Amino acid sequence: MPQQKDIVKIAIQMPGAYPQLIQLDQKKPLTAVIKEVCDKWNLPGPDNYALQYADGIQTYITESNRLDIKNGSILRLTKAPGRCAEDLYKGIQSSDSGVRCDSLKLLADVSTDITFAQEFISRDGHSLLVKIVEDAHEAPLIMTHTLTAFMELMDHGIVSWENLSSVFIKKIAGFVNAKVLDTSIQQVSLAILESMVLSSSSLFNEVKQEITLERLISHLQVTNQQLQTKAMALLMAMLQAGGEADRQELFEFLEKRTLRQYIHKNIIHSSSSVGDEMAHYLYVLQTVRLNHLEARMRTPLDSYNQEQRDMLHVLRQAAFETESESGLSNERRRSLCAKEFKKLGFSNNSNPGQDLSRCPPGLLALDTMAYFASRYPDAYSRFVLENSSREDKHECPFARSSIQLTLILCEILRIGEPPSETGSDYHPIFFAQDRLLEELFCICIQLLNKTWKEMRATQEDFDKVMQVVREQITRTLSSKPTSLELFKNKVNALNYSEILKLRQTERLHQEETLAPPVLELKERLKPELLELIRQQRLNRLCHGTLFRKISSRRRQDKLWYCRLSPNHKVLHYGDVEGETEMPSIEALQEKIPVADIKNVVTGKDCPHMKENKGKQTKEVLDLAFSITYDVEEYSLNFIASSRTDFCLWTDGLNVLLGKEMSSESMRSELEILLSMEIKLRLLDLENVPIPDTAPPIPKPPSNFNFCYDFSQAEQ
């Protein structure tokens with residue numbers, strides 16, 4: 001008799017018949033199960049049938065995925081993949097356009113399933129679709145279904161994109177280039193070209209010859225958001241696949257405002273919301289343009305560079321009406337310059353270039369100060385003269401403030417950081433402004449002076465003022481202002497008193513003004529809940545996790561698995577083939593006794609991060625951790641697939657070593673558990689009897705005749 005865990009209770013539907021409720025024996029061959037189902041409905045030829053999920057993604061059930069079936073699943077008896085593929089292959093070639101259209105529409109739907117796709121491609125069905133596109137005689141609706149089905153089939157990676165002919169590529173590009181064409185055809189065509197571009201450099205070059213940046217930009221002027229997104233996706237793919245010349249071409253478009261104006265007018269202003277995919281593309285474009293400032297940000301001032309020295313003296317001369325220096329002695333000139341550089345706010349007044357040796361912000365700070373002085377000379381002079389007339393301890397140092405403010409703006413705008421694969425935090429204001437960093441600086445340096453006065457700050461309060469200014473900028477940018485004027489109005493309205501009110505409100509909201517007895521209860525509950533989290537972490541380590549080894553080419557990444565023994569004494573690990581289910585401990589050849597583990601290190605302190613110093617992105621650094629073990633200080637190095645896995649493993653390893661858990665995930669879970677437990681403890685349960693044991697589970701009904709057949713109702 002099969003064990004209970006091998007039995008799954010499911011329902012099987014078929015149009016025109018009452019559902020069957022069966023107990024699926026997972027050890028019985030699938031063909032035998034289908035034969036039993038067909039016999040109950042008196043259906044001949046069980047080989048012509050297959051099972052697939054009735055809800056959600058209607059995937060075919062195969063021997064390889066049958067273990068995913070859960071209790072209560074609803075399956076449908078339908079045509080076998082081979083039979084379905086044969087019928088659609090014939091339907092596509094029908095002389096009746098209605099039959100062709102229906103067949104292609106159904107093909108586009110079922111091609112998402114890899115089992116069907118393999119059957120259809122084995123009959124060379126994809127070549128039939130290519131021929132339909134190359135002939136280009138079909139109606140727009142039929143062509144849309146053809147392209148959609150082709151895209152779904154190719155997405156499985158069974159057939160190489162490089163097998164496509166130049167005629168096919170030109171036809172697809174022609175659909176994109178056409179000024180008047182069904183938008184559905186253009187959307188799918190753009191998606192097909194995107195996949196081509198990302199698949200190989202040769203296809204990228206072919207597509208680049210057929211599609212220009214100007215043509216892609218024209219698709220951003222339409223009102224159809226899906227078409228806009230597909231055009232932007234192809235643009236990003238060409239940027240990713242191209243070389244430095246292609247990136248430079250795109251950067252020139254950004255600098256000429258051609259692309260930015262279209263985006264600001266047709267995507268940001270014309271729609272109430274921007275989709276997640278488009279938001280990511282806008283974030284990437286923003287990063288590409290801002291990162292052209294990285295070289296200046298990482299270059300210190302060279303005291304022997306005459307041009308840079310001249311820029312410093314222009315700053316000084318623009319701030320003060322100085323007498324002619326030509327008749328002064330060298331000593332007198334140096335004394336005068338040092339005095340004025342001190343008033344200007346430089347720490348090293350005899351050699352102000354030393355203040356700009358810190359990278360970042362490096363020369364970028366000099367650029368922003370020079371831009372402010374030349375673009376807004378009155379505001380610049382007013383700032384310097386106003387502060388130089390105050391008492392020494394109350395003056396706001398322009399140069400020191402500018403250097404720190406430039407650094408803050410670089411951090412907020414993430415200049416110098418490569419775009420992450422999931423980033424979407426773009427600033428709409430970026431697409432409305434030519435020199436965003438410089439213009440933001442000009443507004444924020446005046447805001448800083450205003451906040452300095454509101455706080456009645458002294459030199460000792462410099463860091464506090466900069467924290468407030470950072471908060472003012474961050475909060476304002478988070479509201480997504482679409483223009484520089486709107487940013488200016490909002491950030492100036494967010495004065496120091498408003499910041500204090502917001503901080504107080506947030507603090508009160510977090511603390512929830514708990515009464516003393518509740519606070520005491522919270523402290524008593526913490527150890528119990530922390531132990532619960534510790535056990536969960538250890539259980540997670542016992543279950544194990546699949547990790548990827550670092551590789552320059554993702555498709556060649558190797559996988560390995562690591563798990564903790566049930567007695568919590570040994571870590572077992574080893575290489576695995578493919579993303580298989582949890583391997584047994586016996587299958588993992590390598591092991592490390594927990595007693596030999598010395599330490600857990602994270603981020604840039606990891607040995608594998610030190611070896612590749614400067615080559616790893618911040619995203620990888622945030623997911624890296626290592627354990628050192630044995631007397632020789634060997635290390636086992638990890639790159640977690642997500643922040644969640646990183647937190648689970650670092651917490652679990654610290655528990656094994658008897659250390660405190662410190663991840664943000666642990667803190668979040670503890671707060672949630674504390675909140676739930678306290679609310680449960682404070683429920684008004686007076687005169688409510690609480691049983692000591694759980695209520696019994698009722699017996700199942702004698703029959704299931706009350707089951708309603710929805711398929712008949714739909715007919």
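Our subject in this report is the structure included herewith. (Residues numbered from 1 in each chain as written. Predicted model: local features only at pLDDT ≥ 70, side-chain atom pairs only at ≥ 80, totals over all residues. Heavy atoms only, no water.)

1. Digging into the pattern of salt bridges
Phase 1 of the analysis: Counted according to the given criterion, the structure contains 29 salt bridges.
Phase 2 of the analysis: Between Arg375 and Glu439 there is a salt bridge; the shortest N-O distance is 3.6 Å. With Arg375 in helix H18 (residues 363-375) and Glu439 in helix H21 (residues 436-454), this pair connects stretches of sequence that are 64 residues apart.
Phase 3 of the analysis: A cluster of three or more residues bridged by salt bridges with shared partners is formed by Glu86, Glu119 and Arg123. (Salt bridge = Lys/Arg side-chain N within 4 Å of Asp/Glu carboxyl O. Helix = DSSP H or I, 4+ residues; strand = E, 2+ residues; numbered from the N terminus.)

2. Some thoughts on the sheet that holds strand E7 (residues 570-576)
Phase 1 of the analysis: With respect to topology, four strands assemble into an open sheet ordered E5-E6-E7-E8, the strand pairing being antiparallel. At either end of the open sheet lies a strand with only one pairing partner, and these are strand E5 (545-548) and strand E8 (590-593). Neighbour-to-neighbour, the strand axes of this sheet turn through a mean angle of 25°, independent of strand direction.
Phase 2 of the analysis: Across six bridges, strand E6 (residues 559-564) lies against E7 in antiparallel orientation. Looking at the pairing, Trp560 lines up with Asp575 of E7.
Phase 3 of the analysis: Contacting E5 and E6, helix H25 (residues 516-543) crosses the sheet at an angle of about 135° to E6. (Pairing = 2+ DSSP bridges. Axes fitted to C-alpha atoms, helices over the stretch in contact; angles between N-to-C directions. Contact = heavy atoms within 4.5 Å.)

3. Some words on the side chain of Asn291
Phase 1 of the analysis: Structurally, the position occupied by Asn291 is in the loop between helix H14 (276-290) and helix H15 (294-297).
Phase 2 of the analysis: Within polar-contact distance, the side chain of Asn291 engages the backbone nitrogen of Gly416 at 2.7 Å.
Phase 3 of the analysis: With residues up to four places along the chain from it excluded, the contact list for Asn291 reads Arg414, Ile415, Gly416, Glu417 and Pro418. (Polar contact = N/O pair within 3.5 Å; in protein donor to acceptor, adjacent residues only side chain to side chain.)

4. Observations regarding the pairing of E7
Phase 1 of the analysis: Counting buried residues in E7 gives six out of seven residues, a clear majority hidden from the surface.
Phase 2 of the analysis: Counted along the chain from E6 to the antiparallel partner E7, the turn is five residues long, and its residue His568 has a positive phi close to 65°.
Phase 3 of the analysis: Direction of pairing for E7 relative to E8: antiparallel, over a ladder of four bridges. Residue Val570 lies in a different strand from E8, and its bridge partner there is Pro593. (Buried < 20%, exposed > 50% of the residue type's maximum accessible area, 1.4 Å probe, protein only.)

5. Topic: the packing of aromatic side chains
Phase 1 of the analysis: On inspection of all chains with the given rule, the structure shows 24 aromatic pairs.
Phase 2 of the analysis: Taking the centre distance of 5.5 Å and the plane angle of 75° together, the rings of Phe547 and Trp649 count as edge-to-face. A residue pair is termed long-range when its members are at least 10 positions apart, and Phe547 in strand E5 and Trp649 in helix H28 (residues 643-656) qualify at 102 residues. Per residue, the accessibility class of Phe547 equals that of Trp649, and both read buried. (Phe/Tyr/Trp six-rings, centres within 6.5 Å; stacked < 30°, edge-to-face > 60°.)

6. Quick look at the nonpolar core
Phase 1 of the analysis: Core analysis: the largest hydrophobic core is formed by 144 residues, its most contacted members being Leu129, Met196, Met232 and Ile263.
Phase 2 of the analysis: A per-element tally of this core places H21 first, with eleven residues.
Phase 3 of the analysis: Setting aside anything within four residues of it in sequence, one finds Leu129 in contact with Ile92, Leu104, Leu107, Phe120, Thr146, Ala149, Phe150 and Leu153.
Phase 4 of the analysis: Of all hydrophobic cores here, the second largest spans 37 residues; its members include Leu530, Leu538, Ile592 and Val594. (Core = buried A, V, L, I, M, F, W, Y, C linked by side-chain atoms within 4.5 Å.)

7. Details of a nonpolar patch on the surface
Phase 1 of the analysis: Residues Leu21, Phe704 and Phe706 make up a contiguous nonpolar surface patch of about 340 Å² in total accessible area.
Phase 2 of the analysis: Along the chain, the position of Phe706 falls in the loop between helix H29 (664-681) and helix H30 (710-714). (Patch = residues over 30% accessible without salt bridge, like charges linked within 9 Å, V, L, I, M, F, W, Y side chains within 5 Å. Areas by Shrake-Rupley, 256 points an atom, 1.4 Å probe, with all protein chains shown as cover.)

8. Remarks on the environment of Ala640
Phase 1 of the analysis: Here Ala640 lies in the loop between strand E11 (634-639) and H28.
Phase 2 of the analysis: Overall, the relative accessible area of 4% leaves Ala640 in the buried class.
Phase 3 of the analysis: Sequence separation between Ala640 and Phe547 is 93 residues, and the spatial gap between their C-alpha atoms is 6.3 Å.
Phase 4 of the analysis: Beyond its immediate sequence surroundings of up to four residues, Ala640 is in contact with Phe547, Leu623, Phe625, Asp645 and Phe646.

9. Overview of the sheet that holds strand E10 (residues 624-629)
Phase 1 of the analysis: In spatial order, the strands read E9-E10-E11; together these three strands make up an open sheet with antiparallel pairing. Every interior strand has two partners, whereas the edge strands, strand E9 (597-602) and E11, have only one. When the angles between neighbouring strand axes are averaged without regard to direction, this sheet yields 20°.
Phase 2 of the analysis: As judged from the six bridges shared by E10 and E11, these two strands associate in the antiparallel manner.

10. Considerations on unusual backbone geometry
Phase 1 of the analysis: Cis geometry is found at the peptide bond from Cys359 to Pro360, where omega equals -10°.
Phase 2 of the analysis: Tracing the sequence through the fold places Pro360 in the loop between helix H17 (330-344) and H18.
Phase 3 of the analysis: In this structure, Asn42 is a non-glycine residue whose phi angle is positive, near 55°.
Phase 4 of the analysis: Note on placement: Asn42 falls in the loop between helix H1 (30-40) and strand E3 (49-53).
Phase 5 of the analysis: The exposure class assigned to Asn42 is exposed, which follows from its relative accessible area of 66%.
Phase 6 of the analysis: In the Ramachandran plot, Arg414 falls in the positive-phi region, its phi being about 60° despite a non-glycine side chain.
Phase 7 of the analysis: Since its relative accessible area comes to 37%, Arg414 is described here as partly exposed.

11. Re the packing of H18 against helix H20 (residues 398-413)
Phase 1 of the analysis: Following both chains from N to C, one finds H18 and H20 inclined at 115°, their axes separated by 9 Å at the closest point. As the angle between them shows, H18 and H20 are arranged roughly perpendicular. Relative to H20, H18 is oriented so that their crossing is right-handed. On the side of H18, the interface is formed by Leu364, Ala365, Thr368, Met369 and Phe372, while H20 contributes Phe398, Ala399, Ser402, Ile403, Thr406 and Cys410.
Phase 2 of the analysis: Here the residues of the contact of H18 with H20 sort into eight nonpolar, three polar and no charged. (Parallel < 35°, antiparallel > 145°, perpendicular 65-115°, else oblique. Left-handed = near helix turned anticlockwise from the far one by under 90°. Nonpolar A, V, L, I, M, F, W, Y, C, P; charged D, E, K, R; others polar.)

12. So, H28
Phase 1 of the analysis: When the terminal C-alpha atoms of H28 are compared, their 20 Å separation across 14 residues agrees well with the 20 Å that a helix rising 1.5 Å per residue should span.
Phase 2 of the analysis: A large share of H28 lies buried, amounting to twelve of its 14 residues.
Phase 3 of the analysis: Buried within H28 we find Asp645, Phe646, Cys647, Leu648, Trp649, Thr650, Asp651, Gly652, Leu653, Asn654, Val655 and Leu656.
Phase 4 of the analysis: Looking at the residues trailing H28, positive phi occurs at Gly658, about 75°. (Expected span 1.5 Å × (residues − 1).)

13. Comments concerning the packing of helix H7 (residues 166-177) against helix H9 (residues 201-210)
Phase 1 of the analysis: Viewed as axis vectors pointing N to C, H7 and H9 meet at an angle of 40°, and their least axial separation amounts to 10 Å. Taken as axis vectors, H7 and H9 run oblique relative to one another. Handedness of the crossing formed by H7 with H9: right-handed. On the side of H7, the interface is formed by Ser166, Ile169, Lys170, Ala173 and Asn177, while H9 contributes Leu203, Glu206 and Glu210.
Phase 2 of the analysis: The residue inventory of the contact of H7 with H9, partitioned by class, reads three nonpolar, two polar and three charged.

14. Thoughts on helix H16 (residues 306-319)
Phase 1 of the analysis: In this model H16 runs 20 Å from its N-terminal to its C-terminal C-alpha over 14 residues, within 8% of the 20 Å that 1.5 Å per residue would give.
Phase 2 of the analysis: Those residues of H16 that are buried are in contact with H17, H18 and helix H19 (377-388).
Phase 3 of the analysis: Regarding H16, its N-cap is Asn305, as a side-chain oxygen of that residue lies 3.0 Å from the backbone nitrogen of Glu307 further along.

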